[in-house]
Amino acid sequence: MSPTPRTTRSTRTTRSPRTAAGLALAAALALVPLGSAAAATEAAPAPAPQPATSSTDPGAAPGTVPAPGTDSLVVKFRDGAVPEGSRDAVYAQAADRSGDTGLVESAVTADGAQVVRTGGTLAGAELEALTAALEQDPAVEYAEPDLVATTAAEPNDPSYAGLQWSLWDDPAGLGMPLAWDRATGAGQTIAVVDTGITSHPDLDANVLPGYDFVSTPQNGRDGDGWDADPTDMGDYPDAALCPGSPLPPDSSWHGTHTAGIAAAAANNGLGVSGVAPAAKILPVRAVGACSQGYITDVAAGVRWASGAPVPGAAANPNPATVINLSLGVPGECPAVLQSAISEALGRGIPVVAAAGNQGVDAAQSAPANCAGVISVAATDVSGALTPYSNYGSVTVAAPGGDPYAQILSTGNAGTRAPEAPAYTERNGTSMAAPAVSGAVALLREVSPALGVDGIRAALTSTARQAPGGCALGCGAGVVDPVSALIAVQGGEPFSTRGGIGVLHQQIGATTGEPRSRELCALGGTPCFQEFASGWIVWDAGVGARWVQVLPAQWWDLSSVG
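All of these numbers come straight from a predicted model, not from anything done at the bench.

Further remarks concern the overall build of the protein. Along the backbone of the protein there are 12 helices and 21 strands. Relative to its full complement of 561 residues, the protein shows a buried share of 57%. The contacts of the protein with a sequence gap of at least 6 include a subset with a gap of at least 24, amounting to 69%. Summed over all atoms, the accessible surface of the protein reaches about 20600 Å², with 54% contributed by carbon and sulfur.

If you want it as structure tokens, here you go:
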């Protein structure tokens, strides 16, 4: 009798040209080539990261703080200096000096200053020139930008600001600060069916009692079969179990890494933040030595995570509200796995699956091709589909990174057996899937009654095009958690504002309705917003204009007329 098919982790390393938008994250990691279709490889674990400073662009000096943009100024006139009807002359003269047009008073502050709208969003030198021109008039006591304030949702975790690009409110990121204003995953449970978990100070407070479904003692390296201890014993290749394995020689601590992407604790002054930092993690071990596990064990883990009874295993007292599968096996969806996934879906639990890393249509890889799953392709730091990611038959995409800008998360320093907690950088669709699982947890927090179909609809109806391009197909596009949250709460996720909004009011019949919210690069420029028939882009010094096709290098709009 042939053995039950085995599954491998859905993570790999691949080389791609460095883009102009690449971030200098950490020292280069040793790369291991993919040796076979049956086993995926990834970069060797990086040392625990040090706190890093942010920069406005790849060439900016460390510690640079980007100047925010605004389409509004506060102008305070000296008492009795200018009659009310003469202020327009002051605005006109300042506009002539600075090159700006269209200054219009819109409100009065509590201390009698005027709130003045500009012709569009200004930042940097443009904004400074206009405020300086206004203050040159002796009738003006002061003029300053009416800055756009945000809540303090950005976490104090040291590596967030400098290294977790996938979470930033940036065209290539998930926009998590705005999403965290609305939800953090409280009351939700993310089951991570993977290699198990190791103790980590950025995870421990969120980890629930899990289960080990690795059925053979040799593969489990724990001396027994199924048990109530989901500790990752190390998945390094074994000469006897997998001779000639192309895997790196050390353990990956893959389950610990994916768990951190989904729900590492935030605002604890440590390391990183997860997408749903207040959610609980339910670790389910189904992959062992050589990064392999039987599909029957994975299926048992999915059933158990859903709260369904599994003969031979203790009942799960904490059923998941979303299940993450960052693993894969080539071919059609095995019937035993489909049955388990269908059980979870029938219980109202979304199942999120990595698309796979073979660079083929995701229809050729399970569980991405199993009916009902939310399958996730991977994008890189430029917001483009990564060369390794499966594509086409996927639901959505999310940041998965590449060797030059990977996804930082929790890990372990042990080369084979567990040792000290650490932080590691990895790339793959394995990293993209838990980001979406975290987004599902946010949606379920604000709308607990939202079913599996409702979750899928919220994610797909608010997803946006990959700004760096996805010609091979990224499903509905890159997930945008904040837009999805606004939509399920009954709001308008794609409102227009600033210079983009002004131009849309003028040419809305040409562009059509908005299909995404406005997104801006670090530093507040350039910005872009997707519409039914193209894009409106804006950058400082040029203003807003409509283009039918966004250039692949969206951060450089010099070629856009």
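So, on to the pairing of strand β3 (residues 104-108). Looking at chain direction, β3 and strand β4 (residues 114-122) are connected through four bridges and run antiparallel. Each bridged residue has a counterpart across the sheet, and for V104 the counterpart in β4 is R117. Counting the residues that bridge the hairpin from β3 to β4 gives five residues, and of these G112 lies at a positive phi of roughly 90°.

This brings us to unusual backbone geometry. Following A366, the chain continues to P367 via a peptide bond in cis, the omega torsion being 5°. Mapped onto the secondary structure, P367 falls in the loop between β13 (365-366) and β14 (374-379). Residue P526 is bonded to the preceding T525 through a cis peptide linkage, with omega at 0°. Secondary-structure assignment places P526 in the loop between β18 (519-520) and β19 (527-531).

Looking now at the sheet that holds strand β6 (residues 189-194). Strand order in the open sheet formed by seven strands is β7-β8-β6-β10-β12-β14-β15, and the pairing between neighbours is parallel. Pairing within the sheet leaves two strands with one partner each, and these edge strands are β7 (211-212) and β15 (396-399). Two strands pair when backbone bridges link them, and β6 and strand β8 (residues 280-285) are joined in this way by six bridges, in the parallel orientation. Residue pairing across strands places D194 opposite R285, the latter belonging to β8.

Our focus in this paragraph is empty space enclosed by the protein. Over the atoms, a rolling probe the size of a water molecule traces out where space has been left empty. For the structure on display, the rule yields three cavities of 30 Å³ or more. Computed from the structure, the second largest cavity encloses a volume of approximately 70 Å³. As for the second largest cavity, its lining consists of Q164, S166, L167, L174, I261, S273, P399, I407, L408 and A435. When its residues are assigned to classes, the lining of the second largest cavity shows seven nonpolar, three polar and no charged.

Let us now look at the packing of helix α6 (residues 254-263) against helix α9 (residues 429-446). With their axes 7 Å apart at the nearest point, α6 and α9 run at an angle of 40° to one another. The angle between the axes of α6 and α9 places the two elements in the oblique class. In terms of crossing hand, the pair formed by α6 and α9 is right-handed. Two secondary-structure elements touch here, α6 through H254, H257, T258, I261 and A262 and α9 through S430, M431, P434, A435 and G438. Of the residues that constitute the contact of α6 with α9, the class distribution is five nonpolar, five polar and no charged.

By size, the foremost hydrophobic cluster in this structure holds 58 residues, and its most contacted members are M176, I190, V352, V436 and L459. M176 has contacts with L167, V275, L442 and P481, leaving out every residue within four places of it along the chain. By size, the runner-up hydrophobic cluster in this structure holds 36 residues, among which are W304, A344, I349 and V452.

In spatial order, the strands read β18-β19-β20-β21; together these four strands make up an open sheet with antiparallel pairing. Two strands bound the open sheet, and with one partner strand each, they are β18 and β21 (543-547). Of the strands in this sheet, β19, β20 (534-539) and β21 touch helix α12 (residues 498-511), which is tilted by about 25° from β21.

Below, the discussion takes up the packing of aromatic side chains. The full count for this structure, using the stated rule, is nine aromatic pairs. With 6.4 Å between their ring centres and 45° between their planes, F528 and W554 make a pair best called tilted. Within this pair, whereas F528 is found in strand β19, its partner W554 is found in the segment after β21, the two being separated by 26 residues in sequence. Judged by its relative accessible area of 4%, F528 falls in the buried class. The rings of Y211, F213, W226 and W304 are connected pair by pair, giving a single aromatic cluster. R221 extends its terminal NZ or CZ atom over the ring of Y236, reaching a point 3.6 Å from the ring centre.

Taking 1.5 Å per residue, 12 residues should reach 16 Å; helix α8 (residues 335-346) reaches 16 Å between its end C-alpha atoms and fits that length. Buried within α8 are the following residues: L337, Q338, A340, I341, A344 and L345. With its buried residues spanning 160° around the axis, α8 presents them on a single face. Exposed and oriented more than 90 degrees from the buried face of α8 are A335 and G346. Of the surrounding secondary structure, the elements contacted by the buried residues of α8 are α7 (295-306), β10 (322-325), β12 (351-354) and α10 (452-462). At the exit of α8 stands G348, carrying a positive phi of roughly 85°.

A word on α6. Taken across its 10 residues, α6 has 10 buried, putting it largely inside the fold. Taken as a whole, α6 has its buried residues at H254, G255, T256, H257, T258, A259, G260, I261, A262 and A263.

About the cut-offs
- Residues numbered from 1 in each chain as written.
- Predicted model: local features only at pLDDT ≥ 70, side-chain atom pairs only at ≥ 80, totals over all residues.
- Heavy atoms only, no water.
- Helix = DSSP H or I, 4+ residues; strand = E, 2+ residues; numbered from the N terminus.
- Buried < 20%, exposed > 50% of the residue type's maximum accessible area, 1.4 Å probe, protein only.
- Contact = heavy atoms within 4.5 Å.
- Areas by Shrake-Rupley, 256 points an atom, 1.4 Å probe, with all protein chains shown as cover.
- Pairing = 2+ DSSP bridges.
- 1 Å grid on protein atoms, 1.4 Å probe; cavity = no way out; pocket = protein on both sides within 12 Å on 5 of 7 lines; lining within 4 Å.
- Points joined across faces, edges and corners; volume = space filled by probe spheres on them.
- Nonpolar A, V, L, I, M, F, W, Y, C, P; charged D, E, K, R; others polar.
- Axes fitted to C-alpha atoms, helices over the stretch in contact; angles between N-to-C directions.
- Parallel < 35°, antiparallel > 145°, perpendicular 65-115°, else oblique.
- Left-handed = near helix turned anticlockwise from the far one by under 90°.
- Core = buried A, V, L, I, M, F, W, Y, C linked by side-chain atoms within 4.5 Å.
- Phe/Tyr/Trp six-rings, centres within 6.5 Å; stacked < 30°, edge-to-face > 60°.
- Lys NZ or Arg CZ within 6 Å of the ring centre and 35° of its normal.
- Expected span 1.5 Å × (residues − 1).
- Arc of directions from axis to C-beta.

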